[in-house]
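# Notes for the structure review
Spelled out from the first residue to the last, the chains are:
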Amino acid sequence: MVTARRYLRLYLVFFRNCIVREMEFRGNFFANAFTTGAWLLYYIFFIEIVYSQTNAVAGWTKGQALVLAGSFSLTWGLMNALFTPNLSMLPDYIQKGTFDLTLTKPVDSQFLASARTINLAEFSRALLSVFVIAYGVSVSGISVTAVSLAIYVVLLACSLCILLGIDSLIMTLSFWLVRIRNLDAAFWSVSMMARYPVDIFGGTVLKNILTFFIPMAFIATVPARGIAQTMQVWMLPLALAFAVGLMIASRWLWLFAVRNYSSAGG
Amino acid sequence: MPAILAEDLTKVYVSHQREPGMLGAVKSLFVRRNKEVLAADRINVSVDGGELVGFLGPNGAGKTTTLKMLSGILHPTSGRAEVLGYRPWERRPEFQKQFSLVMGQKNQLWWDLPAEESFLLLKELYEIPQSDYQKRVREMTKMLEIDHLLSTQVRKLSLGERMKCELVAALLHRPRVVFLDEPTIGLDVVSQKRIREFIALTNRQEGATFILTSHYMDDVRALCERVVIIDHGRVIFDDALSRLVTQFTHTKQLRLTFSVPVEDSEISCFGKLTQREALSAAVEIPRELAPKVAAEMLARLPVVDIEITDPDVEDVIRDIFQRKETAPTVAQEEAV
Amino acid sequence: MVTQTVALAPARPPRWRKWWAVFNLHLQDSFAYRAQGIVWILTDTVPTITLPLMWLAAFGNRQVLNGFTRTELVAYYLCMSVCANLAQAHPWEIAHDIKDGKLSIYLTRPFSYYWFNFASNVSWRLVRSLMFVPFFGLALLVLRSHLAWEDFHIGWTFWVSLALAHVLSYQISWCLGQSAFFLVEVGGLFEFYYMIGGFLAGQMAPLQMLPKVISQIAHMLPFSYVLWFPVNIFLGRVPQASVAVGLAYQLCWIAVTAMLGQILWRVGLKRYTAVGL
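## Points about the overall build of chain B
- For chain B, the helix and strand inventory stands at 12 helices and 14 strands.
- Here the C-alpha radius of gyration of chain B, 25 Å, is well above what a compact globule of 336 residues would show, namely 20 Å.
- Burial status across chain B gives 49% buried among its 336 residues.
- A separation of at least 24 residues holds for 72% of the contacts in chain B among residues at least 6 apart in sequence.
- As displayed, chain B offers around 16,000 Å² of accessible surface, 50% of which is attributable to carbon and sulfur atoms.

## With respect to the interface of chain A and chain C
- Listed as interface residues are 29 residues of chain A and, on the opposing side, 31 residues of chain C.
- Both sides together, the interface formed by chain A and chain C hides about 2,800 Å², and carbon and sulfur atoms give 76% of it.
- In this structure, the connection of chain A to chain C is made through 0 salt bridges.
- Counting only elements with at least two residues in the side of chain A that touches chain C, the list comes to helix 2 (26-53) and helix 10 (181-191) of chain A.
- Ranked by residues supplied to the side of chain A that touches chain C, first place goes to helix 2 of chain A with 12 residues.

## Concerning a nonpolar patch on the surface
- There is a patch of nonpolar side chains on the surface, built from F182, L183, L189, I263 and V267 of chain C and spanning about 400 Å² of accessible area.
- In this structure L183 of chain C comes out as partly exposed when scored by relative accessible area, which is 37%.

## Concerning the sheet that holds strand 3 (residues 52-56) of chain B
Residues and elements named next belong to chain B.
- In space, the 6 strands of this open sheet follow the order 5-6-7-3-8-9, with mixed pairing throughout. Edge positions in the open sheet fall to strand 5 (99-103) and strand 9 (234-240), since each of these has one partner strand only. Within this sheet the neighbouring strands show an average axis-to-axis angle of 15°, counted without direction.
- As paired strands, strand 3 and strand 8 (residues 226-231) are joined by 4 bridges and run parallel to one another. Residue pairing across strands places G54 opposite V227, the latter belonging to strand 8.
- Strands strand 3, strand 5, strand 6 (177-181), strand 7 (209-213) and strand 8 of the sheet are contacted by helix 2 (residues 63-71), whose axis makes an angle of about 150° with strand 6.

Thresholds applied
- Residues numbered from 1 in each chain as written.
- Chains lettered and ligands numbered in written order.
- Predicted model: local features only at pLDDT ≥ 70, side-chain atom pairs only at ≥ 80, totals over all residues.
- Heavy atoms only, no water.
- Helix = DSSP H or I, 4+ residues; strand = E, 2+ residues; numbered from the N terminus.
- Rg over C-alpha atoms; globule rule 2.2 N^0.38 Å.
- Buried < 20%, exposed > 50% of the residue type's maximum accessible area, 1.4 Å probe, protein only.
- Contact = heavy atoms within 4.5 Å.
- Areas by Shrake-Rupley, 256 points an atom, 1.4 Å probe, with all protein chains shown as cover.
- Buried area = accessible area lost by both parts, 1.4 Å probe.
- Salt bridge = Lys/Arg side-chain N within 4 Å of Asp/Glu carboxyl O.
- Patch = residues over 30% accessible without salt bridge, like charges linked within 9 Å, V, L, I, M, F, W, Y side chains within 5 Å.
- Pairing = 2+ DSSP bridges.
- Axes fitted to C-alpha atoms, helices over the stretch in contact; angles between N-to-C directions.

So, in structure tokens, the structure goes:
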């Protein structure tokens, strides 16, 4: 409990520092907040265009598709706000040896390495996403119950854990590999597929890959199904399994990496 | 029990080498050239609480590697180390709260924020009580004359000011052991002096143990009574700074002034002639022979003045540093 | 990046040699450095696959959707991706050169910076298109059940329009990149350009699918002539008479942007040298 409170306090200081810094570069902050929001609207507009020609896409109504788009963008926005700015810097820190100082601090090194900076502008995307989800729910006429909402929140948390887990695993590899950015770029490109209903990939191999191998279906498709109450029941434990499994794996790899760390430049 | 103890501390780096280009990349999948670098070779050092010891050595000699092992950043390949009774690479928070590492070329302050914000963050990291924190910041910033700079963004500070802030940041939690890796690198003379005074004072007042590496002889002369010289990963000297000269030089200089001109040959029979003017000369002779030779010269030559001197510490150390600068390497072909 | 200087050959050698040297230099640079980012092409490939899949799923039982058959729609996006690789230029390099002050070095050389950058763009477009081939293969693989050769036009009109599109896109980038002369922060503007420019060029959806007002606006702006026009020639959707009109529009826009680019260059350079940016 004491530790939890301490880490929370620390996190608040990180947060405060990031606010102070963002306000230094206010113009930049608003420009970023604007463009991240605009890209969401850009995709929403695509959905509007597609549904202006049809009523259903692979069984998804417009409202459901909007919920899906909003869910994806919410997870994506939170990921970019809270974790990506840190994880993407990790290779640099390791190569330049700044990571050395992180290791000498009396705080968990993974916490420090993945939570230190927060990209506040990305919250605009997350916030806008909530509106999109609400709009989608009202368009589709889904009646949200306490249970379905709870399931939805759990599934969203899982989706964030899955993204974080995979990206963390990839970036931790930079302890050994120099050109890790390519792998990271590949992952982010593939994860862009998660913003579409996994059903558009048909009954093909691709759909199964995206569900069971690179679990992109759990990023948005499954949560959206969760709130629309069209989810197969076994998806929930599977999502939890993926989330917990990836969290444990990334933690394990981190500890292993740090134990075998040899810092840069002798 | 000493504050810092290293026994046979050894670190071997293994780096994979590959030839440039696509072909090299493909080749390296099958055959790897492993290069082993012995960065620290059975380092034995023991430092008592409250000591201020200088680690000297040329670049790549193994100073930083040793400091990193003692900081817990690196696991040694073999050997033992204890700092404040802890094994550093276990990275226990109790240990980490009692020590600090300052690297002159890496900063831990947030670049875009005022230094004070970073201090506040460190206060949380190290769980420093509020009252203690305030007192500490006030004292240290006053001593370093940076109390008016605390609300300026770090990126707008000069290098010297930034380094002073780094020092404050590193000492906020009253560490009992401090490692300073090149703390004055690239600074102007005035800042160097101020930082030196600050380190000396902290060492004296708080009894904290310091290990310092520096390329500046002035730092070493002003701060360290004891120096450890590391070269090729080995400790080649560990004693008082004043003993350095006797250990590493085997000669003394005799400076002679004559009343009347003297032939070269008359002088060079005593030792190596290093300097020569009409009425003066300098001769290099083995240390142990100095008194005897001097007496003989006085007797045989028209000497009006004679002076026996040691080479300068700085020259001695430069000599040591200028020997070969690379660590011995073993290259081996290894199929994977 | 490029560090070699362009050799200044003595006594008026043929012009093409200078050109070839610059082009060759950029070609090597593209292969050596920029090609390392080959994975980023995957980012472009994902929409090439997912956007048509989304439409295909929207067909339901219909055979034609707003005048597009399944095959045509897939062909639209595939052709769009090829054209984007060959034609679409980016303003970042110019902006960076201005911001980093690297422009100063180029200004001292006996070779116009405009053409220097043009050569850079051409060579990078070629290398990038080459690198796109495996990713294009991947897209073909995923979309294979909807591939068929219909009445597609890949004659000289397509190639001419694509070449003009390439020049036009470069001109737009040339103008946009020069905004770095005047603005402190250009990232927001470029992002906006990528979004709106891509959208109005038909990269997100065929302009025919958009609300009428928007597609009319798109036809009036230069962006649609960068991608949408050549792609529609390919699809055989532009009547013979309109092809000439479209090409004329492309030439017109090239002339307009060239003029704008000239003005920006004059004013910007004055600022650049005066302030010593």
